Amino acid sequence: SAHPALRGSSAMGDAEPSWLQEPQQYAQPSSQGSVDPQLAHRRSIVQSSVRILNMGGSVLMAATGCLGLASITGVDKAGNIFVALYSFLFALLLFGFEATQFAKWELADYHFRRNMGFLYTPQGKALFLIFIAFLNLGLTVQRNLAISTGCVLIFLGVVQIAGWLRYPELFEDQK
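Residues numbered from 1 in each chain as written. Predicted model: local features only at pLDDT ≥ 70, side-chain atom pairs only at ≥ 80, totals over all residues. Heavy atoms only, no water.

Chemist: Before we go on, may I ask you to explain helix α3 (residues 106-115) in this structure?
Modeler: Side chains three or four residues apart in an α-helix point the same way, a direct result of the helix having 3.6 residues per turn. Among all positions in α3, only Ala-108, Asp-109, Phe-112 and Arg-113 are buried. Burial along α3 is one-sided: seen end-on, the buried residues are contained in an arc of 130 degrees. Residues of α3 that are exposed and point over 90 degrees away from its buried face: Glu-106, Leu-107 and Asn-115. In this structure, the buried residues of α3 make contact with α2 (79-102). (Buried < 20%, exposed > 50% of the residue type's maximum accessible area, 1.4 Å probe, protein only. Helix = DSSP H or I, 4+ residues; strand = E, 2+ residues; numbered from the N terminus. Arc of directions from axis to C-beta. Contact = heavy atoms within 4.5 Å.)

Chemist: When you look at the pattern of salt bridges in this model, what are you seeing that I'm missing?
Modeler: Once their charged atoms are close, side chains differing in charge can pair, the charge on each being opposite to the other. Applying the stated rule across the entire model yields three salt bridges. Across the pair Arg-51 and Glu-98 runs a salt bridge, and its minimum N-O distance is 3.9 Å. Separated by 47 residues along the polypeptide, Arg-51 in helix α1 (residues 37-70) and Glu-98 in helix α2 bring together distant segments of the chain. You can call Arg-51 buried: its relative accessible area is 8%. (Salt bridge = Lys/Arg side-chain N within 4 Å of Asp/Glu carboxyl O.)

Pasting the structure below:
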């Protein structure tokens, strides 16, 4: 049997990666053979909480980027322009992604899945948070805010990885 990411491919190897395929619905059977409503409820609460925390982190990151741009005063701080812009753009992407997970918008979901498919896995999203946290730590203007934002994002990323490792059933079916 072929790997799930390679099923349905031709001999030419033109299979789409697994994160690009439509998500499969997995149900956790209970002793009666139906979906466990308690697990589904806990999963919904955990995933919604993670999304809200990520949206809060992205708002903090966008504020850091905007204030960083506004406080650049001279040519010697010109490198911060790019760091602040990237910080702001990544914040918009993360916020937009999390918002489309609450209100299903198929066109945006299609483009996110095609271009940023790693956000559909708990470990990919957590590593993205850690990556953009280090981007914030590189901002040399608005230093206290940049360090605070970076620490918050690293914390969110590490907590999400730890939660996924300890309770993987609560992070399944993240779509």
